[in-house]
Amino acid sequence: MWYWYVSLCLIGGAFANPVTPNKGTFWHISDLHYDPTEEGKSCVKREAETPAWGSQYCDSAYQLLESAVQAMKDIDNSADFLLWTGDTVLHYTNGTVGTEKEVVAIMTNVSELIHSAFPDVHVVASLGNHDYVPDNQLPATSSEIYTNISKVWERLGWFKEEIGDRGTFEKYGFYSVKLPSGLVAVALNTNFYYLNNKVYANLTEDPGNQFSMLREILTEARENSTKVLISAHVPFGVGARGDYKHMYNKYNDDFISIIREFHDVIVGPFFGHEHNDAFKLVFDEDGKNVLSSAFMAPSITPWRWRDTNGVFSQYHNPGIRLVSYDKQTFDILDYKQYYFDFNAANAGKNTEWRQLYQFTTAYEVADASISSVQKAAEKVRTGEKIAEYLQAYYLVPSSTIGCEDTCRAGLSCAIFETEHSKARQCVKAIRGVTQTTTTDSAGTIVVLSHSVLLIAAAFTSIYVG
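The sections below set out a description of the structure shown in this document.

Calculation notes
- Residues numbered from 1 in each chain as written.
- Predicted model: local features only at pLDDT ≥ 70, side-chain atom pairs only at ≥ 80, totals over all residues.
- Heavy atoms only, no water.
- Pairing = 2+ DSSP bridges.
- Helix = DSSP H or I, 4+ residues; strand = E, 2+ residues; numbered from the N terminus.
- Axes fitted to C-alpha atoms, helices over the stretch in contact; angles between N-to-C directions.
- Buried < 20%, exposed > 50% of the residue type's maximum accessible area, 1.4 Å probe, protein only.
- Disulfide = S-S within 2.5 Å.

## A short note on the sheet that holds strand β3 (residues 122–125)
Phase 1 of the analysis: Within the open sheet, the 6 strands sit side by side as β3-β2-β1-β10-β11-β12. Their pairing is mixed. The sheet is open, and its two edges are formed by β3 and β12 (353–358), each paired on a single side. With direction set aside, neighbouring strand axes in the sheet form an average angle of 25 degrees.
Phase 2 of the analysis: Bridge analysis of strand β2 (residues 81–84) against β3 gives 4 bridges, and the strand direction is parallel. In the strand pairing of β3, F81 is matched with H122.

## Observations concerning the environment of L214
Phase 1 of the analysis: Mapped onto the elements, L214 comes out in helix α5 (residues 210–223).
Phase 2 of the analysis: Looking at L214, the relative accessible area reads 0%, which means it is buried.
Phase 3 of the analysis: On a C-alpha basis, the gap between L214 and V186 in space is 7.9 Å, while along the polypeptide they are 28 residues apart.

## Brief notes about the state of the cysteines
What makes a disulfide is a covalent bond joining the sulfur atoms belonging to two cysteines.
Phase 1 of the analysis: Under the defined criterion, the tally for this structure stands at 2 disulfides.
Phase 2 of the analysis: Paired by a disulfide, C43 and C58 hold their sulfur atoms 2.0 Å apart. Every disulfide takes its handedness from the sign of the S-S torsion; for C43 and C58 that torsion is 115 degrees, giving right-handed. Placement of C43 in the loop between β1 (23–29) and α1 (62–75) and of C58 in the loop between β1 and α1 is noted, with a sequence separation of 15 residues between them.
Phase 3 of the analysis: Given a relative accessible area of 10%, C58 falls into the buried group.

Here it is as structure tokens:
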């Protein structure tokens, strides 16, 4: 199948980027959520007829995943590596429960799909909170699911450059690899720290000694003058509204402490879980200097959450991301965000994966370095680039999105405050203002009044992932 790619610039003109002879690329994909069940166990709403590409109220059909992987191959099949930040298994809804056999089968099928398109590319894969049974309850001990997935990934060659304890994934669900460039990539299991993981709700220990392992790798990298790319599923900080935390307080603080201590050797971090395109900043303890920038990749699944009142989260399109970096310094240079117009495809209009935006041109910055992400974030906070951020957030190329002062303040809480206490203070200052949003038949977001940020989408911070 042939795919055409159309670049949709969010701003007029282009921002000149410096030529980088040592530029490399890698793909970042997340939250594929494949639903192979005939009865559609992930579906939160039934449509009269199942659309050709699946329903926005259900998780991904295999056809959508095939399309995404084929698009990645056609756009750039020579990427240096591929980040896959978890949540491949469907959301079991309406009282349905998965089995270990189903989880392993889904992980195997999708792993083999990715490997078939990128047989010679290093894949750095993390587990998501839904990639287990029961979901969210990932343990820091060996398990049949860890063992069986480990066997699949070892067979596909994804562990061939593993450093340290070769059995860490089988034992704990996390691991590290040394890529040919010399860059060390760590795939953390941050599901240990997730609020919905009740196993570690009242513990103060370091599950699986994961943070200790991370410190050792970062210390060694500093001694060897190299860098460590950190990837995981559940991010630190707070969700879309700025008022819901992802992790238990202790683990969030411990994670942020490590980022601050070793910021000079860290690339990223890179996360998924929220299903939306976003970024976060980590400041020093005084809140004066930005030390790190984290990137959240949008989901491939189009699935929309429904709350207890029957209100659905906001429509969003599937997305895949191509990141460019300097192969000598490992600095992030830029990224291009591609999207699939889900409603248009189901209407038979096109099956194109299009470029929605390029980070440097959309935010008019020199690169995607930490300082440039800070500049982009400031432009979002002041409103100069709020439309671009909201379009990116939902992967909807619309010019009708607006955002008032309270909306920008809410966005700032999620972007600028990764410590829970400071995020609470941020939100407290703007709490009490109401908002209303509507969505037209094409999925265009029309914002009428704002508080923190598109309330319906905020459910991603607890229920999605």
